[in-house]
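Understanding the architecture of this molecule
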Amino acid sequence: MKAPTMIRHIVLIKFKPGIEETVINSLFDALSDLGDQIAGMRGFDGGISVSPEKLEQGFTHGFCIDFDDAKARDAYLSHPTHQALGAELVKAADGEISGLIVFDLEM
C-alpha cells in the first residue's frame, strides 16, 4: 500500500492597489494560526515576492502550506475559518477570483 503523499498548497495573490501591508499580514497571520486547529497542517510561509526575474505578472504576494496528505488539505479547505479568510482574500484581490492562483503539488 502506498503511503499518503504530502501536499504543498501554493497560493499567489495580486492584491488591489492600495491594500495596506498590515491587512495582508493580518490575513497571513490568521491563515498561519489555522495550523493550531487542523491536524496535518504543517508550516505556513508567506510574504511578498523578492524574485529578481520580475515575472510575477502582478502577483505580488504568495504563501505555501504543507499538509501531511490530501485528507489534511481537504480539512483545511472545508474549515469555516479558512472559508471566511478565503472570502476576504478574494475581496482583497485585484479582479477578485482572477487575482488568485491556487496550485497544489504532491510531494
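Heads up: these notes are all about the structure in this document. (Residues numbered from 1 in each chain as written. Predicted model: local features only at pLDDT ≥ 70, side-chain atom pairs only at ≥ 80, totals over all residues. Heavy atoms only, no water.)

Attention now moves to the side chain of Thr 5. Within the secondary structure layout, Thr 5 lies in the segment before strand S1 (7-13). A relative accessible area of 19% means that Thr 5 is categorised as buried. Ignoring sequence-local partners within four residues, the contact set of Thr 5 consists of Asp 68, Asp 69, Ala 70, Glu 106 and Met 107. (Helix = DSSP H or I, 4+ residues; strand = E, 2+ residues; numbered from the N terminus. Buried < 20%, exposed > 50% of the residue type's maximum accessible area, 1.4 Å probe, protein only. Contact = heavy atoms within 4.5 Å.)

So, on to the pattern of salt bridges. Evaluation of the coordinates by the stated rule reveals 4 salt bridges. Of the charged contacts in the structure, one is a salt bridge between Asp 66 and Arg 8, with a shortest N-O distance of 2.7 Å. Of the two residues, Asp 66 is situated in strand S3 (residues 61-67) and Arg 8 in strand S1; the sequence distance between them amounts to 58 residues. What makes Asp 66 buried here is its relative accessible area of 17%. On the accessibility criterion, Arg 8 (26% relative accessible area) is partly exposed. A salt bridge links Asp 74 to Arg 73, with the shortest nitrogen-to-oxygen separation between them at 2.7 Å. On the accessibility criterion, Asp 74 (37% relative accessible area) is partly exposed. On the accessibility criterion, Arg 73 (14% relative accessible area) is buried. (Salt bridge = Lys/Arg side-chain N within 4 Å of Asp/Glu carboxyl O.)

Looking now at the pairing of S1. Along S1, 5 of the 7 residues are buried, which leaves the element largely enclosed by surrounding structure. In this structure, S1 lies alongside S3, joined through 7 bridges in antiparallel fashion. Bridge pairing in S3 places Leu 12 opposite Gly 62. Bridge count for S1 against strand S4 (residues 100-106) is 7 bridges, and the pairing is antiparallel. Paired with Leu 12 across the strands is Ile 101, a residue of S4. (Pairing = 2+ DSSP bridges.)

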